[in-house]
Amino acid sequence: MSGRLAVVVGASGGLGRAFVARLATEPGWSAVIGVGRARPDDWPEDPRTPFLALDLLDETALAELARQVRERGALSLLLITTGLLHDTDLTPEKSMRSVSAAAMQRLFEVNAVIPSLALKHLTPLLPKDEPSLVGVLSARVGSIGDNRLGGWHAYRASKAALNMMIRCQALELQRERPRAVCVALHPGTVATDLSAPFARSPKTLFTPDDAAQRLLKVLSQLESAQSGGFFAHDGQPIPW
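Our subject in this report is the structure included herewith. (Residues numbered from 1 in each chain as written. Predicted model: local features only at pLDDT ≥ 70, side-chain atom pairs only at ≥ 80, totals over all residues. Heavy atoms only, no water.)

1. Quick notes on the pairing of strand E6 (residues 180-186)
Reasoning step 1: In terms of burial, E6 is a largely internal element, 7 of the 7 residues being buried.
Reasoning step 2: Residues of E6 alternate between two faces, with Ala180, Cys182, Ala184 and His186 on one and Val181, Val183 and Leu185 on the opposite face, all of them buried.
Reasoning step 3: With 6 bridges connecting them, strand E5 (residues 132-137) and E6 associate as parallel partners. Pairing of Ser132 across the sheet is with Ala180, part of E6.
Reasoning step 4: At this point the chain moves from E5, through helix H4 (residues 153-176), to the parallel E6, and the crossover so formed is right-handed.
Reasoning step 5: Note: E6 against strand E7 (residues 230-232), 3 bridges, orientation parallel. By the bridge assignment for E7, Leu185 is matched with Phe231. (Buried < 20%, exposed > 50% of the residue type's maximum accessible area, 1.4 Å probe, protein only. Helix = DSSP H or I, 4+ residues; strand = E, 2+ residues; numbered from the N terminus. Pairing = 2+ DSSP bridges. Right-handed = clockwise from strand over helix to strand, strands pointing away.)

2. Examining the packing of helix H2 (residues 59-72) against helix H3 (residues 101-122)
Each pair of packed helices can be summarised by the angle the axes make with each other and by the distance between the axes.
Reasoning step 1: Where H2 meets H3, the axes come as close as 9 Å, and the angle between the chain directions of the two elements is 40 degrees. Accordingly, the angle class assigned to the pair H2 and H3 is oblique. The crossing of H2 and H3 is right-handed. Counted together, Glu59, Leu62, Ala63, Leu65 and Ala66 of H2 and Leu117, Lys120, His121 and Leu122 of H3 form the full contact between these two elements. (Axes fitted to C-alpha atoms, helices over the stretch in contact; angles between N-to-C directions. Parallel < 35°, antiparallel > 145°, perpendicular 65-115°, else oblique. Left-handed = near helix turned anticlockwise from the far one by under 90°. Contact = heavy atoms within 4.5 Å.)

3. Section: the pattern of salt bridges
Reasoning step 1: Tallied over the full model, the rule gives 10 salt bridges.
Reasoning step 2: Residue Glu176 pairs with Arg177 through a salt bridge whose shortest N-O separation is 3.7 Å.
Reasoning step 3: On the basis of relative accessibility, which here comes to 43%, the residue Glu176 falls in the partly exposed class.
Reasoning step 4: Notably, a salt bridge pairs Asp210 with Arg214, separated by 3.5 Å at the nearest N-O pair. Of the two residues, Asp210 and Arg214 both sit in helix H5 (residues 208-220), 4 residues apart, roughly one turn of that helix. (Salt bridge = Lys/Arg side-chain N within 4 Å of Asp/Glu carboxyl O.)

None of the figures reported here should be taken as evidence of function without further support.
Below is the structure:
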């Protein structure tokens, strides 16, 4: 199989899965490849939307992923949607007194290390002389310039670290693949397991499909001069 490919890393999550579903309805993609730790039991049996399961911290597995993607066609769109804010043993901190090494290590691993490794192994597949898009889910709370409330220390710090990695990758791509656009994206508060518990009101929640549609629209309107930026779901830039 050959043609234009889209790859969604973190496709088993709510927003990642919405990206795959929406892209699968668009013409022009030979395949939309979902990537994650485990294939969901109800993932559709569609050759245009294969799911590749792997340990996202295993660089040998990531190198094999890159090989498989390369064999399928040209990578035109890379979306990285992995993220962690809370789980049964992890709650966003309200003060510095609650910061722990374990929480910071876990959040940095999921929110900064995994996306960085995905960028390392998959961006070399982007075309050198054709347009391509890389969108990585960050969060407005990762902005240092926009931080006026404090709290959520480890999560904020992990997303700020991710933002720096995205900026560095964008600068490399400008030299190696000048028509590529690589940006950080803030999806807003989405009705997923990650965000929904912290919504101020149901009215402030986007459905995963709505968030995916908004972010794909933002990406489609960006130009190479905007690579390395940080953009909200409405297209507005966010300070670092």
